[in-house]
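Structural overview for review
One-letter residues, chain by chain:
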Amino acid sequence: MNTEAVLKPHDRMAAYLAGDMDAVGLLIRERMASKHAPRIPEVTAHLVEAGGKRLRPMLTLAAARMCGYDGPYHVHLAATVEFIHTATLLHDDVVDESEQRRGRPTANLLWDNQSSVLVGDYLFARSFQLMTEPGSMRVMRILSNAAATIAEGEVLQLTAARNLATDEDVYLQVVRGKTAALFSAATEVGGVIAGADDTLVQALFDYGDALGIAFQIVDDLLDYQGDSGATGKNVGDDFRERKLTLPVIKAVAKADAEERAFWVRTIEKGRQEDGDLDHALALLHKHGTLAATQADALAWAEKAKTALDVLPAHEVNDMLRDLAGYVVARIN
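Reference entry: report on the structure contained in this document. Just so it is clear, the structure is predicted and the values come from calculations on it, not from any experiment.

1. Some remarks on the overall build of the protein
Counting secondary structure elements, the protein contains 18 helices and two strands. Considering the protein as a whole, with its 332 residues, one finds that 52% of them fall into the buried category. A total of about 14700 Å² of accessible surface is found on the protein, and carbon and sulfur atoms cover 50% of it.

This is the structure we're talking about:
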């Protein structure tokens, strides 16, 4: 059997970029060290070494390689992206009061909220140190803007997640902030460090943006129809946490008065009773919102693939195209 043919796209990309990814891992371990505060590497290592796919830094490396870069600084930028991502995870778990991340207890559960917040702050600071080292003002602008956009998206989600007035435009704004901003920055800086022309850099941004949106929509969909063994989440976690995600936003838009009262009680007011999740699922099926959400995810994945059309013919291009398809194939 051809092993290459059965590897998932991100695994093929990881194998292709293995040398670069090893260098990123070494740099992360070096820069997460702290001479004066040993809790920093303890907390960081718990999350960094938990077996995540490191998809975002891989996107930076892939974009740089596809655009012909042969210098050392794509490794610094990939590590920057991973530090920003890890910092946001530490903060998110505190905000969401999460107890599990990547199948393991969260840092805030093992240590405390203060440690998670402060170590997250440290990693943000480290990311800003790292992003200066290539000496590119354009790179610093892209990554610092992404960090601000992520924080803005998280705050917007606080106010929008339990408000039935939240529509698909606001949802998209939240997703662009909290998820897609780092995907698009990761791909964009890979092109910038390689000296690619503006057309290619824009295409890389568009790919990352569309991929990130598809990725988050699929995550939100899997919460209502996923396999908890595969996703690491229980079906209905978003409902129990009163998160107004795309399947529910679509159902609220089609709700009659009785259905709307149900959503007000369970999402806005948080008065949930036994059987409410089953009723919520029945309403999602009644209005076809799971299928409509899946169609949206597929459309964003196609946008991601289309963005790659202007980029160089390269085996990494093929991997990125397959990755966009795989992100939405998780639904099945």
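Text resumes after the structure shown.
2. Examining the nonpolar core
Membership of the largest hydrophobic core comes to 99 residues, with the highest contact counts inside it found for Y207, W263 and L320. Among all residues touching Y207, those that are not within four sequence positions of it are L59, T187, A304, A307, L308, L320, L323 and A324.

3. So, the pattern of salt bridges
Following the criterion strictly, the structure yields 17 salt bridges and no others. With a closest N to O distance of 3.3 Å, E241 and K243 form a salt bridge. Across the salt bridge formed by E273 and R265, the nearest N and O atoms sit 3.7 Å from each other. Residues participating in the shared-partner salt-bridge network are E30, R31 and E133.

4. Focus on the packing of helix 10 (residues 168-193) against helix 11 (residues 198-225)
The interhelical angle for the contact between helix 10 and helix 11, taken along N-to-C directions, is 140°, at an axis separation of 7 Å. In this view, helix 10 runs oblique relative to helix 11, as classed from their interaxial angle. The interaxial crossing formed by helix 10 with helix 11 has right-handed handedness. Among the residues making up the contact of helix 10 with helix 11, the classes are represented as 14 nonpolar, seven polar and five charged.

5. Some points on the side chain of D20
Assignment of secondary structure puts D20 in helix 3 (residues 18-31). Here D20 falls in the buried class, since its relative accessible area comes to 12%. Polar side-chain contacts of D20 include one of 3.2 Å to the side chain of H74.

6. Describing the packing of aromatic side chains
The description of two aromatic rings rests on the distance between their centres and on the angle between their planes. For the structure shown, the criterion picks out three aromatic pairs. With centroids separated by 5.1 Å and ring planes inclined at 65°, the aromatic side chains of F262 and W263 adopt a geometry described as edge-to-face. Of the two residues, F262 and W263, both sit in the buried class. Counting every residue linked through ring pairs, the aromatic cluster contains F239, F262 and W263. Directly above the aromatic system of F215 lies the positively charged group of R56, at a separation of 5.7 Å from the ring centroid. The cationic tip of R330 hangs over the ring face of F215; the distance from NZ or CZ to the ring centre is 4.8 Å.

7. A look at the layout of surface pockets
Looking at the second largest pocket, its volume works out to about 210 Å³. In this structure, the second largest pocket is lined by 14 residues; those nearest its centre are I142, N145, S184, E188 and F205. In terms of residue class, the lining of the second largest pocket is made up of six nonpolar, three polar and five charged.

8. A look at the environment of A181
Assignment of secondary structure puts A181 in helix 10. Note on A181: relative accessible area 9%, which makes it buried. A181 sits 32 residues away from T149 along the chain, and the two C-alpha atoms are 6.7 Å apart.

9. Some remarks on the packing of helix 15 (residues 257-268) against helix 16 (residues 276-286)
The contact between helix 15 and helix 16 brings their axes to 12 Å, and the two run at 135°. Considering the angle they form, helix 15 stands oblique to helix 16. Of the two elements, helix 15 crosses helix 16, and the hand of that crossing is left-handed. Across the interface between the two elements, E259, F262, W263, R265 and T266 of helix 15 pack against D276, H279, A280, L283, L284 and K286 of helix 16. A per-class count over the contact of helix 15 with helix 16 returns five nonpolar, two polar and four charged.

Rules of the game
- Residues numbered from 1 in each chain as written.
- Predicted model: local features only at pLDDT ≥ 70, side-chain atom pairs only at ≥ 80, totals over all residues.
- Heavy atoms only, no water.
- Helix = DSSP H or I, 4+ residues; strand = E, 2+ residues; numbered from the N terminus.
- Buried < 20%, exposed > 50% of the residue type's maximum accessible area, 1.4 Å probe, protein only.
- Areas by Shrake-Rupley, 256 points an atom, 1.4 Å probe, with all protein chains shown as cover.
- Core = buried A, V, L, I, M, F, W, Y, C linked by side-chain atoms within 4.5 Å.
- Contact = heavy atoms within 4.5 Å.
- Salt bridge = Lys/Arg side-chain N within 4 Å of Asp/Glu carboxyl O.
- Axes fitted to C-alpha atoms, helices over the stretch in contact; angles between N-to-C directions.
- Parallel < 35°, antiparallel > 145°, perpendicular 65-115°, else oblique.
- Left-handed = near helix turned anticlockwise from the far one by under 90°.
- Nonpolar A, V, L, I, M, F, W, Y, C, P; charged D, E, K, R; others polar.
- Polar contact = N/O pair within 3.5 Å; in protein donor to acceptor, adjacent residues only side chain to side chain.
- Phe/Tyr/Trp six-rings, centres within 6.5 Å; stacked < 30°, edge-to-face > 60°.
- Lys NZ or Arg CZ within 6 Å of the ring centre and 35° of its normal.
- 1 Å grid on protein atoms, 1.4 Å probe; cavity = no way out; pocket = protein on both sides within 12 Å on 5 of 7 lines; lining within 4 Å.
- Points joined across faces, edges and corners; volume = space filled by probe spheres on them.

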